[in-house]
Amino acid sequence: KLQQVEDENLSHVLKKLDSIRQLAGDAQVLRHRETREHTARQVAIGQLYSLLLEDAGFQPQAVMQRSVLAMFEGIKLQHAEIFFFSVEDVRRRLATGPSVRLKDAESNPRRCSERLLVTSQILDSMLAEISTEQIRDLVGKVSKYLTFKQTTYQVRPMEERDDARLKNATGFAVYKRDIFVADALSHCIWRVAADAFTEQGNHKVELFAGRVGEAGDTDGSLQEARFHSPMGMVVCADAGTAFVADTDNNAIRCIDLEAKLVSTLQLERTQLTRDILGARFVRPKGICTVYGDPAMFSSMDSHLEKKRMELQAQLNEANSPDLSCGEDSESTGTTGSDGKSSFSSSSLFSSQKDTSKKNSLGTSAMGHSMSLEQSLTVAHIKKYAVLQDMASASQLTTPSPTTPTSIGVSSAAATTRLRSRSSLPSSIASTRRPSGTVPSASARGDEDDVSEFPDDIHIPRLAITSDHCVWLVDPVTARAEVIAGDHVQYGYHDTHSGLDARFSSPKGIINIRSVLFVADYWNDVVRCINLHTTQVDTVMDFRPQGPVAMCLSNSGVLYVLDSECIHRANILRIMSTQCESDPMGDGKS
């Protein structure tokens, strides 16, 4: 009996081994079958992708989701379980898979990311819900459709073009998900949507403010407002306000982005700018916001007040009966501590005389005979010829040979390139130093009371480039003052006092902490202005040819755009020094 039990147990074990062996064989068969299925599926997907590649002219970068959708629409495929990637799926880096059904994509193509590049792996994800047999059937239909397209004439309606026509994008600013572009030739402001696209797959562009081709200076709603050659633009995101440098209107326009209203900032010039310098706010071009603590602006105001008192004393001395008769007292300028001649009363009177002469010759009251739109039509003229025309229209004072650098700079000095930055006069400090070593602005705010804005909103000041000078404007109090350069005289001169420095048609401007970087167009250099002292230096890290614009990346790289290429330099390594042109034309700098 015991032998019988052992025989039964052995028989049971043998049966179990047979079943296990049978299961292993079945599993192996299933694995082989699954491998063959996967291989057949990959072959079918590869055939379908090759047909899409053939339809795109064998250019892999042309196989996009919109071309795949167009192919499926061509073969009248509507109810298949095929999915497309949406814009949100692309933002999530395709981690969740496609979410838009074919039927929904055909009814609303904008839900799909039309420009998504389709590879064989992405195509496999799109066809994951259909079987291999359905893919093979799909390959057959697409093959017949391509044969039909290649052997018959195809009549297609012409693609409609976008309505928006930007002629001259001279400035832009970003607010939330929109990009605002100033168009100087169209006299309007455009809005480019980052999330909305046209039927052609381009970003949607629509008119935001003004009217295309119609110049004016009207305030009001966005549709009623008119601009005249707007060039610069900047947005204060905290206040929801955009500031536009309306060039040929000689004004700063404010756009309330929430209320959709346009107004003009009524500027009040300071006593130094209005009475002593006689500067008028004309033809603003570049504009940027300036954030800083009250100590920085207080330091700058104290330096400007010191300069005002110095110039006022020179005026009083020139107007006194004892000194007004002598020619020597009028022709000799005062020499500052740095060895260069400062702003003298004779140069002040000569500039006023030149301005009146220009007005008597029939030029405009602002000293310009051509508007921005007219000047852009003759942009092919060489800049040196333009500078000669500027010199003939404005009789500037000739530099005195007894002084290293005089305030009046001739047209030859303005057109002369920077010859040497290493051999400088003994009166000019030649020590290279980092531009960023000046004290930094550690907080954002203003010293003035902001009564019409909430307390938690800091309205920055505005730095604006005009004809040959740089202005600082407080949009809350409308206080405007010149902090560097001269509104009439142009040239190339660095100095410790910004009002003694000379620029030649500055354009782009950007604020980095307590320094302003200015694109000095005709001088082919980038200048920096210390907002604590108004000291003007030349940045040594760039050799641009007509710089027009600048920007700073999040990684601290400063980019400069000129007529030929884009220059870049790390902001922490930028060096500057005081330089000047060759005013005497003898090759010595």
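For clarity, every value in this text was computed on a predicted model and none was experimentally measured.

Novice: Can you lay out the sheet that holds strand E17 (residues 479–485) for me, pointing to particular residues and giving the numbers?
Specialist: Strand order in the open sheet made by the five strands is E12-E17-E16-E15-E13, with mixed pairing throughout. Strand pairing shows two members of the sheet lacking a second neighbour, strand E12 (268–269) and strand E13 (287–290), which therefore form its edges. Taken together, the two bridges between E12 and E17 define a ladder with parallel strand orientation. If you follow glutamate 268 over to E17, its bridge partner there is arginine 479. Contacting E13, strand E15 (461–465), strand E16 (469–474) and E17, helix H8 (residues 294–319) runs over the sheet at an angle of about 70° to E17.

Novice: Describe the nonpolar core, and please don't skip the residues or the numbers.
Specialist: Core analysis: the biggest nonpolar cluster contains 43 residues, and Ile252, Val290, Ile483 and Leu516 have the highest contact counts within it. For this core, the element with the most residues is H8, which contributes six residues. The next biggest cluster of nonpolar side chains, apart from the first, holds 34 residues, and it includes Leu53, Ile75, Ile82 and Val100.

Novice: Account for the environment of serine 113, with residues named and values stated.
Specialist: Following the sequence through the fold, serine 113 ends up in the loop between helix H4 (102–107) and helix H5 (120–126). Along the chain, serine 113 and valine 90 lie 23 residues apart, while their C-alpha atoms are 7.3 Å from each other. Once residues within four sequence positions are removed from consideration, serine 113 is found in contact with Gln65, Phe85, Ser86, Val87 and Val90.

Novice: Mind laying out the pairing of strand E18 (residues 506–512), listing which residues take part and the relevant values?
Specialist: Burial analysis of E18 places seven of its seven residues in the buried class, which makes it a mostly covered element. Strand direction decides the pairing type here: E18 and strand E19 (residues 515–520), joined by five bridges, are antiparallel. Counted as the bridge partner of proline 506 is aspartate 520 from E19. Here E18 folds back onto E19, and the loop between the two strands holds two residues, one of which, arginine 513, carries a positive phi near 55°.

Novice: Run through unusual backbone geometry, naming residues and quoting values.
Specialist: Most peptide bonds are trans, and most residues other than glycine sit at a negative phi. Of note in the backbone geometry, lysine 260 takes a positive phi value of approximately 60° without being a glycine. Its place among the elements puts lysine 260 in the loop between strand E10 (251–256) and strand E11 (261–265). In this model, alanine 478 sits at a positive phi of 60°, which is unusual for a non-glycine residue. With respect to the helices and strands, alanine 478 occurs in the loop between E16 and E17. Taking the relative accessible area as the measure of exposure, alanine 478 reaches 9% and is therefore buried.

Novice: Can you break down the packing of aromatic side chains residue by residue, with the values?
Specialist: All told, the structure shown has four aromatic pairs when counted by the stated rule. Centroid distance phenylalanine 72 to phenylalanine 84: 6.3 Å. Interplanar angle 70°. Geometry classified as edge-to-face. Of the two residues, phenylalanine 72 is situated in helix H2 (residues 65–74) and phenylalanine 84 in strand E1 (residues 83–84); the sequence distance between them amounts to 12 residues. Phenylalanine 72 sits in the buried class, given a relative accessible area of 0%. What makes phenylalanine 84 buried here is its relative accessible area of 0%. Considering the side-chain rings of tyrosine 521 and tryptophan 522, the 4.6 Å spacing of their centres and the 65° angle between planes classify their relative orientation as edge-to-face. Of the residues examined, tryptophan 522 reaches a relative accessible area of 12% and is grouped as buried. Note that arginine 253 overlies the ring of phenylalanine 227, its terminal NZ or CZ placed 4.9 Å from the centroid. Taking the ring centre of tyrosine 521 as reference, the NZ or CZ of lysine 507 above it sits at 4.9 Å.

Novice: Requested: an account of the side chain of aspartate 248, with residues and values cited.
Specialist: As for its position among the elements, aspartate 248 is in the loop between strand E9 (241–246) and E10. Side-chain polar atoms of aspartate 248 contact the side chain of serine 229, separated by 3.0 Å. Reaching out from aspartate 248, the side chain makes a polar contact with the side chain of arginine 283 at a distance of 3.1 Å.

Novice: So what's going on with the pattern of salt bridges? Which residues, and what values?
Specialist: Overall, the coordinates contain 24 salt bridges when judged by the stated rule. With a shortest N-O distance of 2.5 Å, glutamate 206 and arginine 191 are connected by a salt bridge. With glutamate 206 in strand E6 (residues 203–210) and arginine 191 in strand E5 (residues 188–197), this residue pair connects regions lying 15 residues apart in the sequence. A relative accessible area of 21% means that arginine 191 is categorised as partly exposed. We note a salt bridge from aspartate 246 to arginine 253, for which the minimum N-O separation is 2.8 Å. Judged by its relative accessible area of 0%, aspartate 246 is buried. Each member of the salt-bridge network shares a partner with another, and the members are Asp248, Arg283, Lys285 and Asp467.

Novice: Go over the packing of H2 against helix H6 (residues 132–151), please, and point to the residues and values.
Specialist: It is the contact of H2 with H6, at a shortest axis distance of 10 Å, that shows an interaxial angle of 90°. In this view, H2 runs roughly perpendicular relative to H6, as classed from their interaxial angle. For the pair H2 and H6, the contacting residues are Met71, Phe72 and Gly74 in the first and Leu138, Val142, Tyr145 and Leu146 in the second. Looking at the contact of H2 with H6 residue by residue, the class counts come to six nonpolar, one polar and no charged.

Conventions and cut-offs
Residues numbered from 1 in each chain as written. Predicted model: local features only at pLDDT ≥ 70, side-chain atom pairs only at ≥ 80, totals over all residues. Heavy atoms only, no water. Pairing = 2+ DSSP bridges. Helix = DSSP H or I, 4+ residues; strand = E, 2+ residues; numbered from the N terminus. Contact = heavy atoms within 4.5 Å. Axes fitted to C-alpha atoms, helices over the stretch in contact; angles between N-to-C directions. Core = buried A, V, L, I, M, F, W, Y, C linked by side-chain atoms within 4.5 Å. Buried < 20%, exposed > 50% of the residue type's maximum accessible area, 1.4 Å probe, protein only. Phe/Tyr/Trp six-rings, centres within 6.5 Å; stacked < 30°, edge-to-face > 60°. Lys NZ or Arg CZ within 6 Å of the ring centre and 35° of its normal. Polar contact = N/O pair within 3.5 Å; in protein donor to acceptor, adjacent residues only side chain to side chain. Salt bridge = Lys/Arg side-chain N within 4 Å of Asp/Glu carboxyl O. Parallel < 35°, antiparallel > 145°, perpendicular 65-115°, else oblique. Nonpolar A, V, L, I, M, F, W, Y, C, P; charged D, E, K, R; others polar.

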